[in-house]
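# Breakdown of the fold
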Amino acid sequence: MNKILIFTVSTGAGHNQVARSLENEFMICGYDVVKLDVLKETSKFLDILISDGYRLLATNLPKMYGKLYKITDKKKLNSGFTKLFARIHRNKIHRLIQNYRPNLIIGTHPLTVSLVADLKKRGIIHVPFISVITDYQAHQTYISRYVDAYITGSYYTSQSLKERGVLEEKIYTYGIPIQREFLRKRKRKETFCRTKECLTILLMGGSMGVKSIRKTLENLVLNRYPLRIIVICGNNEILRQDLKNRYKNTSDGKKKITIYGFTKHISRLMDMSDIIITKPGGLTVSEAIAKNVPMIIPYL
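Read on for an overview of the structure. Keep in mind that this is a model prediction, so the values were computed, not measured. Within each chain, residues carry numbers counting from 1 in the order of the written sequence. Local features are withheld for residues below a pLDDT of 70 in this predicted model, meaning they are given only at 70 or higher, and side-chain atom pairs are given and counted only at 80 or more; totals for whole chains, interfaces and linings count all residues. Note: side-chain values were computed over all heavy atoms of the structure, leaving out hydrogens and water.

### Some thoughts on the overall build of the protein chain
Counting its secondary structure elements, the protein chain contains 11 helices and 11 strands. Summary of the burial criterion: residues with accessible area below 20% of their type's maximum are buried, those above 50% are exposed, and those between are partly exposed, where the area comes from a 1.4 Å probe applied to protein chains only. Out of the 300 residues belonging to the protein chain, those deemed buried represent 49%. Should any heavy atoms of two residues lie within 4.5 Å, those residues are considered in contact. Across the protein chain, contacts joining residues at least 24 apart in sequence account for 67% of those joining residues at least 6 apart. Carbon and sulfur atoms form 54% of the exposed surface of the protein chain, whose accessible area is close to 16500 Å². A helix here means a DSSP run of H or I that spans at least four residues, while a strand means a run of E at least two residues long, and both kinds are numbered starting from the N terminus. Surface exposure here means Shrake-Rupley accessible area, sampled with a 1.4 Å probe, where a residue is shielded only by the protein chains that are shown.

In structure tokens, the structure reads:
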């Protein structure tokens, strides 16, 4: 078994980063690995519809997104959607698998489950399939009897799979895959603070830069204690420019605000921080746990 095909979908950066971590590790071990975004490979229209739709809801209408998430978490409703989704992509996904002829398929997004499971159910392919759950609460979209093994981030996640009828022998509680840099011991030499009384806070809005971090930052600036605040706006350039303009003259001697857009240096910034304030993405939570940095998840 030396050819591995990794499927992902670009709804947020977490699924892609997990896929990239697995790709790197397997390549180090000498495997022949191909990583593909299934929507970009099969349907540009659905890629735009699903990826941009997710971005719009998650950043601008989070409450509506939450309601849709809960609605689609029901078995009967979810079944109809996943069957339709699989039917649309069946032939193209089959051709992709035929082209690469993998010995193993790994999915890092719940939508990949319905695609591969549909082919296995119909006897079109017989390749072993592993689903890596990148959240700590497994959504119904992950569930299929045609998944050969699940990788979960915690025993809580594993239990949620069992409650949904997944056989215990298919579940492996190995943790959510992260980049090696997050496994290195924290170095506290680099810091924005020059005094012991100063607290460094890493404020992150995810890869899409959710707007709710504005309110959090406002409250932190009003805090009377000295703070150094590192703000990560992700790919939300409008948010980054807005915050830079709003806080460019913040110079009360007690606050220092540094604002980034998308950055590949999250591991280093975690090393510099005393605490993280962020949304509860599975990958970010795993990275913070590995770095041993406390987290605050605001309810907004």
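There's plenty left to go through after this.
### Observations concerning the pattern of salt bridges
Note on definitions: salt bridges are taken to be side-chain nitrogens of Lys or Arg within 4 Å of carboxyl oxygens of Asp or Glu. Under the defined criterion, the tally for this structure stands at 10 salt bridges. One salt bridge connects K291 with D271, and the closest N-O pair in it is separated by 3.0 Å. Of the two residues, K291 sits in helix 11 (residues 282-291) while D271 sits in helix 10 (residues 266-271), which places them 20 residues apart along the sequence. In this structure, K291 and D271 share a single accessibility class: buried. By sharing partners, the salt bridges in this structure join R214, E218, D242 and R246 into a single network.

### Focus on the sheet that holds strand 4 (residues 129-132)
Strand pairing is assigned whenever DSSP identifies at least 2 bridges connecting the two strands. Across the sheet, which stays open at both edges, the 6 strands sit in the order 2-1-3-4-5-6 with parallel pairing between neighbours. Sheet topology places strand 2 (32-37) and strand 6 (171-173) at the edges, where each strand pairs with a single neighbour. For this sheet, the mean angle separating the axes of adjacent strands, direction not counted, is 20°. Judged from the 6 bridges that link them, strand 1 (residues 3-8) and strand 2 form a sheet pairing that is parallel. Paired with K3 across the strands is D32, a residue of strand 2. To define axes, lines are fitted to C-alpha atoms, for helices over the stretch in contact only, and angles between the resulting N-to-C directions are given on a 0 to 180 degree scale. Lying over the sheet, helix 6 (residues 110-121) contacts strand 1, strand 3 (104-107) and strand 4, oriented at roughly 165° with respect to strand 4. Of the strands in this sheet, strand 5 (149-152) and strand 6 are in contact with helix 7 (residues 155-163), which crosses strand 6 at around 165°.

### Things to note about the environment of E287
Tracing the backbone shows E287 in helix 11. For the pair E287 and L183, spaced 104 residues apart in sequence, the C-alpha separation works out to 8.2 Å.

### As for the packing of aromatic side chains
The aromatic pairing rule takes the rings of Phe, Tyr and Trp, using the six-membered ring of Trp, and pairs them if the centres are within 6.5 Å, calling planes under 30 degrees apart stacked, those over 60 edge-to-face and the rest tilted. Here the structure, examined in full by the defined rule, presents 2 aromatic pairs. Taking 5.5 Å as the distance between ring centres and 85° as the angle between the ring planes, the aromatic pair formed by F26 and Y31 counts as edge-to-face. Taking relative accessible area as the criterion, F26 reaches 21% and is therefore assigned partly exposed. Judged by its relative accessible area of 33%, Y31 falls in the partly exposed class.

### Describing unusual backbone geometry
A positive phi is found at R101, a non-glycine position, where the angle reads about 45°. With respect to the helices and strands, R101 occurs in the loop between helix 5 (75-100) and strand 3. The backbone of N292 shows a phi angle near 60°, a positive value even though the residue is not glycine. Relative to the helices and strands, N292 is located in the loop between helix 11 and strand 11 (295-296). A relative accessible area of 63% places N292 in the exposed class.

### Looking at the side chain of H15
Topologically, H15 is positioned in helix 1 (residues 14-28). By relative accessible area, which is 10% here, H15 ends up buried. Not counting the four nearest positions on each side in its chain, H15 is found in contact with T8, V9, T108, H109, P110, T134 and Y142.

### Concerning the pairing of strand 8 (residues 227-232)
Strand 8 sits mainly inside the fold: 6 of its 6 residues count as buried. Neither face of strand 8 is left uncovered, since the one carrying L227, I229 and V231 and the one carrying R228, I230 and I232 both have all their residues buried. Examined bridge by bridge, strand 8 and strand 9 (residues 255-260) share 6 bridges and lie parallel to one another. Along strand 9, the bridge assignment pairs I229 with I257.

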